[in-house]
Amino acid sequence: MNRQKLAQEIIDAGRFLYGRGWSPATSSNYSARLSATEALLTVSGKHKGELGPDDVLATDLDGNSLEPGKKPSAETLLHTQLYRWKPEIGAVLHTHSVNATVLSRLTLADSLVFADYELQKAFSGISTHESQVLVPIFDNDQDIARLATQVQPWLDEHPDCVGYLIRGHGLYTWGPRMSDALRQVEAFEFLFECELKTLSITQR
């Protein structure tokens, strides 16, 4: 797919995710694989519901901007490490929903486990509710390179990982196409909301 079409997919994703309340204001960042060695990412500090064609830029897989004058998101390395990890990944979405933020703060463990939800089948590679989806939670860190070094060992040890949370921050998920990544964001948000509602009932 060419740059123009990929950029439009990112723009459309931003409008959808902002509209659902999962990417408020200038939070979040999105990307798509441009080639084997390049990615197309949202630039830093742009409102995600109002993205235009100039609000994306190409980077190499080390996170360096390939377009002078455009500043990539501070979290670019968390996108590019996923493209290096698996060549089949074609899109990465990072969102900042209320549910993801609150649940990651309430969960004291270093991971969440979803089990027996029918909607787990929305995740790539899962074909039954009789399964478990393990979602790691990494502590937030303004040093993104250091955070990436925490994420990589988990990815290497869990090749079936479909997403992860940064505590008090947000969700990262991905897929072969933008549509796959969007589907997984929706599935995660449903599960996050179910878990929070369950906690609100059981802890009364």
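Scroll up for the structure.
Residues numbered from 1 in each chain as written. Predicted model: local features only at pLDDT ≥ 70, side-chain atom pairs only at ≥ 80, totals over all residues. Heavy atoms only, no water.

Student: Before we move on, could you go through the side chain of Asp 55 and cite the residues and values that matter?
Tutor: Positionally, Asp 55 belongs in the loop between β2 (38-42) and β3 (56-60). For Asp 55, a relative accessible area of 12% translates into the label buried. Polar side-chain contacts of Asp 55 include one of 2.8 Å to the backbone nitrogen of Gly 52. (Helix = DSSP H or I, 4+ residues; strand = E, 2+ residues; numbered from the N terminus. Buried < 20%, exposed > 50% of the residue type's maximum accessible area, 1.4 Å probe, protein only. Polar contact = N/O pair within 3.5 Å; in protein donor to acceptor, adjacent residues only side chain to side chain.)

Student: With reference to specific residues and values, describe the side chain of Ser 97.
Tutor: Inspection of the secondary structure puts Ser 97 in the loop between β4 (91-95) and α3 (98-106). Accessibility expressed as a relative area gives 1% for Ser 97, which makes it buried.

Student: If you had to explain a nonpolar patch on the surface to someone new, which residues and values would you point to?
Tutor: On the surface, a nonpolar cluster with roughly 270 Å² of combined accessible area is contributed by Val 98, Val 102 and Leu 106. Along the chain, Leu 106 turns up in helix α3. When its relative accessible area of 52% is taken as the criterion, Leu 106 is described as exposed. (Patch = residues over 30% accessible without salt bridge, like charges linked within 9 Å, V, L, I, M, F, W, Y side chains within 5 Å. Areas by Shrake-Rupley, 256 points an atom, 1.4 Å probe, with all protein chains shown as cover. Salt bridge = Lys/Arg side-chain N within 4 Å of Asp/Glu carboxyl O.)

Student: Would you mind going over the layout of surface pockets in detail, with residue names and values included?
Tutor: With a probe scaled to a water molecule rolled over the atoms, the places where space remains empty come into view. In this model, the largest pocket occupies a volume close to 210 Å³. Contributing to the lining of the largest pocket are Ser 124, Gly 125, Ile 126, Gln 132, Val 133, Leu 134, Trp 154, His 158, Asp 160, Cys 161 and Val 162. Per-element accounting of the lining of the largest pocket gives the leading share, 3 residues, to strand β6 (residues 132-138). A per-class count over the lining of the largest pocket returns 6 nonpolar, 4 polar and 1 charged. What the second largest pocket holds in volume is close to 170 Å³. (1 Å grid on protein atoms, 1.4 Å probe; cavity = no way out; pocket = protein on both sides within 12 Å on 5 of 7 lines; lining within 4 Å. Points joined across faces, edges and corners; volume = space filled by probe spheres on them. Nonpolar A, V, L, I, M, F, W, Y, C, P; charged D, E, K, R; others polar.)

Student: Give a detailed account of the sheet that holds strand β7 (residues 163-166), specifying residues and quantitative values.
Tutor: Where strands meet in a sheet, backbone hydrogen bonds hold them as pairs that are either parallel or antiparallel. The 8 strands lie next to each other as β3-β2-β1-β4-β8-β7-β6-β5, forming an open sheet whose pairing is mixed. Pairing within the sheet leaves two strands with one partner each, and these edge strands are β3 and β5 (111-115). Across this sheet, the average inter-strand angle for adjacent strands is 20°, counted without regard to direction. Across 3 bridges, the pairing between strand β1 (residues 29-33) and β2 is antiparallel. In the strand pairing of β2, Arg 33 is matched with Ala 39. Packing against the sheet, helix α2 (residues 76-85) makes contact with β1, β2, β3, β4, β7 and β8 (170-175), and its axis sits at approximately 30° to β1. (Pairing = 2+ DSSP bridges. Axes fitted to C-alpha atoms, helices over the stretch in contact; angles between N-to-C directions. Contact = heavy atoms within 4.5 Å.)

Student: Describe unusual backbone geometry, with residues and values.
Tutor: Positive phi is not limited to glycine here, since Ser 28 has a value of about 80°. Checked against the element boundaries, Ser 28 lands in the loop between α1 (3-19) and β1. Looking at Ser 28, the relative accessible area reads 6%, which means it is buried. Unlike most non-glycine residues, Asp 116 shows phi in positive territory, near 70°.

Student: So what's going on with the pattern of salt bridges? Which residues, and what values?
Tutor: Counting across every chain of the model gives 10 salt bridges. A salt bridge links Arg 20 to Glu 186, with the nearest nitrogen and oxygen atoms 3.3 Å apart. With Arg 20 in the loop between α1 and β1 and Glu 186 in helix α5 (residues 178-202), the pair connects residues that are 166 residues apart, well separated along the chain. Using a relative accessible area of 36% as the deciding quantity, one classes Glu 186 as partly exposed. Notably, a salt bridge pairs Asp 55 with Lys 46, separated by 3.7 Å at the nearest N-O pair. What makes Lys 46 partly exposed here is its relative accessible area of 35%.

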